[in-house]
Amino acid sequence: PFTNDLLRTDTYILLTPNILHQLIKGAFKDHLIDWIAKFICRQDSSGQSPVILDDIDHRIAGVASFAGLWRFPQGRNFKQWTGNDSKALMK
């Protein structure tokens with residue numbers, strides 16, 4: 001490995017966890033948001049799950065402007081999430 005010549009280096013300190021990707025993006029976006037969408041689709045026996053998910057998107061998009069809150073006019077379906085997007089959507 002690349003650390004063979006670095007005798008006084010603790011490689012485990014170099015590999016620290018990234019709180020943005022592990023907690024915020026991993027737990028909230030990749031797990032919770034996707035899990036809720038899958039749960040709604042699996043529990044829906046009437047075939048209305050796309051309508052329900054669209055309604056959730058319309059409610060997220062319809063949030064009124066307020067100091068300290070971000071607006072998401074496209075709902076939860078945007079292509080690239082940043083850490084700030086995830087934090088704002090959690091609010």
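About the cut-offs
- Residues numbered from 1 in each chain as written.
- Predicted model: local features only at pLDDT ≥ 70, side-chain atom pairs only at ≥ 80, totals over all residues.
- Heavy atoms only, no water.
- Helix = DSSP H or I, 4+ residues; strand = E, 2+ residues; numbered from the N terminus.
- Buried < 20%, exposed > 50% of the residue type's maximum accessible area, 1.4 Å probe, protein only.
- Salt bridge = Lys/Arg side-chain N within 4 Å of Asp/Glu carboxyl O.
- Phe/Tyr/Trp six-rings, centres within 6.5 Å; stacked < 30°, edge-to-face > 60°.
- Contact = heavy atoms within 4.5 Å.

A. View of the overall build of the protein. Along the protein, the regular secondary structure elements total four helices and zero strands. Burial status across the protein gives 24% buried among its 91 residues.

B. Inspection of the environment of Phe 28 at higher detail. With respect to the helices, strands and loops of the structure, Phe 28 is situated in helix H2 (residues 19-43). You can call Phe 28 buried: its relative accessible area is 12%.

C. Molecular detail of the pattern of salt bridges. Under the criterion given, the structure shown has one salt bridge. A salt bridge links Asp 55 to Arg 59; its shortest N-O distance comes to 3.0 Å. With Asp 55 and Arg 59 both in helix H3 (residues 49-61), this residue pair falls four residues apart, about one helical turn. For Asp 55, a relative accessible area of 34% gives the class partly exposed. What makes Arg 59 exposed here is its relative accessible area of 59%.

D. Geometry of the packing of aromatic side chains. Counted by the stated rule, this structure contains one aromatic pair. Judged by centre distance (5.3 Å) and plane angle (20°), the rings of Trp 35 and Phe 39 are stacked. Here Trp 35 and its partner Phe 39 are both found in helix H2, four residues apart, which amounts to about one turn of the helix. Residue Trp 35 is classed as partly exposed on the basis of its relative accessible area, which comes to 45%. On the accessibility criterion, Phe 39 (42% relative accessible area) is partly exposed.

E. View of the side chain of Ser 49. Within the element layout of this structure, Ser 49 appears in helix H3. By relative accessible area, Ser 49 is classed as buried at 10%. In contact with Ser 49, not counting residues within four places along its chain, are Ile 40, Cys 41 and Asp 44.

Nothing here speaks to function; it is all geometry.
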